[in-house]
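Each chain, letter by letter, is given below.
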Amino acid sequence: MTVTANAAVATRPLAAVAAVGYAFAATMTGTTLPTPLYPLYQHELGFGTLLTTVVYAVYAAGVLATLLLFGRASDGVGRRPLLLAAIAVSAVSGLVFLAGPSLPVLFAGRILSGFSAGLVTAVATVAMAELAGPAHRAKATLAATAVNMLGLGCGPLLAGLLADHAPSPLHLPFAVHLALLVPAAVLVWRLPETVTPGPWRAALRPQRPAVPAAVRAAFVPSAIAVFAAFSVFGLLTAIAPAFLTTVLHRPGHTLAGLLVFAMFAGSTLSQLASYRWHARLALPAGCLVLVLGLAGLATALGTESLPVLAVSAFVIGAGQGLSFRAGMAAITEHCPADRRAETVSAFTVVAYAGISVPVILVGAASALSGLPAAATAFTGVTAALALGALFAIRRIRTPR
């Protein structure tokens, strides 16, 4: 695989980067559209919090499977075909949701959303960096991270607003998303290719996550911190409407969308603000901020306070953003160059395991003890994990 020199890239790099950024954001928006709609699905189909968490976790399984199977595919087939494939899968996911509310539709739509996210995340980030050129590669990579988080945050906000103020709440959000994907496909179709495709068979070879011995001292605390941060993200994204309705007695799809948007906005802003921070500073800071956010979440549950819940969601997002960016920086700094891909894959597996597994456990516990008790216990366990990571981080040595 080689990067090609293209006149369109050289003369209009900003437009090309913006085109990929729009396609990235539009695709990721579709992956979180169902978040504020889960109470409507529960009412229509008659299921509870546990099944909601399982439906959400299916998305994470789709992301992981796609990352492991196709994480390097764009090196062989090119960036543009993979971006178009991600947009197409996202569109199919929207069409599935439009078929009508049923459990098979929910599961199929969510796993297809996971496939689209897994396809687009790596290739869009790389494509934005390549189209920006060497002089602006770091800024383009940071922009890709921001676009990713903002796209995820806009999904619940868009669906919540439409559900409260427009007809057909279980259909219109997905129709609007399909409309957003049309210009994304046109823009990507007109993009220049930045790589010379290599062998297809090598590109489609599954990636096996592994952690070299040289990076384990940095990987373990970073992975624990990211697991804790993503587990809170998964919990709030999956059952934010249930929190608002059953605990705070504040139903409303727009409100649920705003709550999740605040969390993703906190993640975006913290990553942008800590861009120049070294991982040795940013990673423990992320753990501390996450613990503060969890304390706020527990307080909101105990006092039934919406303002405290909103602030804690933003703070949790900030802790997640700091932890994830710094954790990724720490493992890439300590990892041998020829082992980075498999190490990053392992790190991603841990993150998405954090999104899925703890959420299902909270859903199961809530069926036995109620959502407030299960969520409060979850905050305590997750805070303990974050504090454990914080103490372990102090043992990481800077490589010479």
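Residues numbered from 1 in each chain as written. Predicted model: local features only at pLDDT ≥ 70, side-chain atom pairs only at ≥ 80, totals over all residues. Heavy atoms only, no water.

1. A few points about the pattern of salt bridges
Next up, step 1: For the structure shown, the criterion picks out 1 salt bridge.
Next up, step 2: The salt bridge partner of Glu 130 is Arg 79, with a shortest N-O separation of 2.7 Å. Pair noted here: Glu 130 is in helix 7 (residues 103-132) and Arg 79 is in helix 6 (residues 79-98), with a separation of 51 residues, a long-range link.
Next up, step 3: Classification of Glu 130 as buried rests on a relative accessible area of 13%.
Next up, step 4: Residue Arg 79 is classed as buried on the basis of its relative accessible area of 5%. (Salt bridge = Lys/Arg side-chain N within 4 Å of Asp/Glu carboxyl O. Helix = DSSP H or I, 4+ residues; strand = E, 2+ residues; numbered from the N terminus. Buried < 20%, exposed > 50% of the residue type's maximum accessible area, 1.4 Å probe, protein only.)

2. Details of helix 7
Next up, step 1: Given a rise of 1.5 Å per residue, 30 residues ought to cover 44 Å, and the 43 Å separating the end C-alpha atoms of helix 7 matches this to within 8%.
Next up, step 2: The axis of helix 7 is deflected most strongly, by about 25°, at Val 120.
Next up, step 3: Counting buried positions along helix 7 gives 21 out of 30 residues, so the element sits mostly inside the fold.
Next up, step 4: Phi for Gly 133, located one or two positions after helix 7, is positive at around 90°. (Expected span 1.5 Å × (residues − 1). Bend = angle between axes of the 7 residues up to and from the residue.)

3. Concerning a nonpolar patch on the surface
Next up, step 1: On the surface, Leu 269, Leu 272 and Phe 314 cluster together into a nonpolar patch covering about 260 Å² of accessible area.
Next up, step 2: Accessibility expressed as a relative area gives 36% for Phe 314, which makes it partly exposed. (Patch = residues over 30% accessible without salt bridge, like charges linked within 9 Å, V, L, I, M, F, W, Y side chains within 5 Å. Areas by Shrake-Rupley, 256 points an atom, 1.4 Å probe, with all protein chains shown as cover.)

4. Brief notes about the environment of Gly 118
Next up, step 1: Among the secondary structure elements, Gly 118 is positioned in helix 7.
Next up, step 2: Dropping the residues within four chain positions of it, Gly 118 is found in contact with Val 63, Thr 66 and Leu 67. (Contact = heavy atoms within 4.5 Å.)

5. What to know about the side chain of Gln 271
Next up, step 1: Positionally, Gln 271 belongs in helix 12 (residues 253-273).
Next up, step 2: Gln 271 has contacts with Leu 142, Thr 145, Met 149, Gly 321 and Arg 325, leaving out every residue within four places of it along the chain.

6. Some points on the confidence of the model for the protein
Next up, step 1: Of the residues in the protein, 90% reach a pLDDT of 70 or more, and the chain-wide mean stands at 85.
Next up, step 2: Mean pLDDT in the protein bottoms out at helix 1 (residues 7-11), which sits at 42, and peaks at helix 9 (residues 172-189), which reaches 96.
Next up, step 3: The low-confidence segment residues 1-11, where pLDDT is below 50, has 20 contacts with residues more than four positions distant or belonging to other chains. (pLDDT = per-residue confidence, 0-100.)

7. Examining the packing of helix 13 (residues 279-303) against helix 16 (residues 371-393)
Next up, step 1: Between helix 13 and helix 16, the least distance of the axes is 9 Å, while the angle of their chain directions is 165°. Relative to helix 16, helix 13 is oriented roughly antiparallel. Pair helix 13 / helix 16 crosses with left-handed handedness. Taken together, the residues of helix 16 that come into contact with helix 13 (itself represented by Leu 283, Pro 284, Cys 287, Leu 288, Leu 290, Val 291, Leu 294, Leu 297, Ala 298 and Leu 301) are Pro 372, Ala 375, Thr 376, Thr 379, Thr 382, Ala 383, Ala 386, Leu 387, Ala 389, Leu 390 and Ile 393.
Next up, step 2: Here the residues of the contact of helix 13 with helix 16 are counted per class, giving 18 nonpolar, 3 polar and no charged. (Axes fitted to C-alpha atoms, helices over the stretch in contact; angles between N-to-C directions. Parallel < 35°, antiparallel > 145°, perpendicular 65-115°, else oblique. Left-handed = near helix turned anticlockwise from the far one by under 90°. Nonpolar A, V, L, I, M, F, W, Y, C, P; charged D, E, K, R; others polar.)

8. Some details on the side chain of Ser 93
Next up, step 1: By the element assignment, Ser 93 lies in helix 6.
Next up, step 2: Within the structure, the side chain of Ser 93 is placed 2.9 Å from the side chain of Ser 113, a separation counted as a polar contact.
Next up, step 3: Leaving out residues up to four positions away in the same chain, Ser 93 has contacts with Gly 109, Leu 112 and Ser 113. (Polar contact = N/O pair within 3.5 Å; in protein donor to acceptor, adjacent residues only side chain to side chain.)

9. Some thoughts on unusual backbone geometry
Next up, step 1: Here Ser 168, not a glycine, exhibits a phi torsion of approximately 50°, which is positive.
Next up, step 2: With respect to the helices and strands, Ser 168 occurs in the loop between helix 8 (137-165) and helix 9.
Next up, step 3: The phi torsion at His 249 lies on the positive side, around 55°, for a residue other than glycine.
Next up, step 4: Looking at the element boundaries, His 249 is found in the loop between helix 11 (216-247) and helix 12.

10. Digging into the nonpolar core
Next up, step 1: By size, the foremost hydrophobic cluster in this structure holds 105 residues, and its most contacted members are Tyr 41 and Phe 243.
Next up, step 2: In terms of residue count, helix 11 provides more of this core than any other element does, 17 residues in total.
Next up, step 3: In this structure, Ala 326, Ala 389, Leu 390 and Ile 393 belong to the second largest nonpolar core, which totals 12 residues. (Core = buried A, V, L, I, M, F, W, Y, C linked by side-chain atoms within 4.5 Å.)

11. Quick look at the packing of aromatic side chains
Next up, step 1: If you walk through the whole model with that rule in mind, you get 8 aromatic pairs.
Next up, step 2: Between Tyr 56 and Tyr 59 the ring centres are 6.2 Å apart and the planes differ by 45°, which places this aromatic pair in the tilted class. Of the two residues, Tyr 56 and Tyr 59 are both situated in helix 4 (residues 49-70); the distance of 3 residues between them amounts to about one turn of the helix. In this pair, the class of Tyr 56 matches that of Tyr 59, namely buried.
Next up, step 3: Aromatic pair Phe 230 and Tyr 352: ring centres 6.3 Å apart, planes at 55°, arrangement tilted. You can see Phe 230 sitting in helix 11 and its partner Tyr 352 sitting in helix 15 (residues 340-369), a full 122 residues away along the chain.
Next up, step 4: Accessibility expressed as a relative area gives 7% for Phe 230, which makes it buried.
Next up, step 5: By relative accessible area, which is 13% here, Tyr 352 ends up buried.
Next up, step 6: Site record: aromatic cluster; members linked through ring pairs are Phe 219, Phe 230, Phe 233, Phe 264, Phe 324, Phe 347 and Tyr 352.
Next up, step 7: Of note, Arg 80 hangs over the ring of Trp 189, and the distance from its end group to the ring centre comes to 5.5 Å. (Phe/Tyr/Trp six-rings, centres within 6.5 Å; stacked < 30°, edge-to-face > 60°. Lys NZ or Arg CZ within 6 Å of the ring centre and 35° of its normal.)

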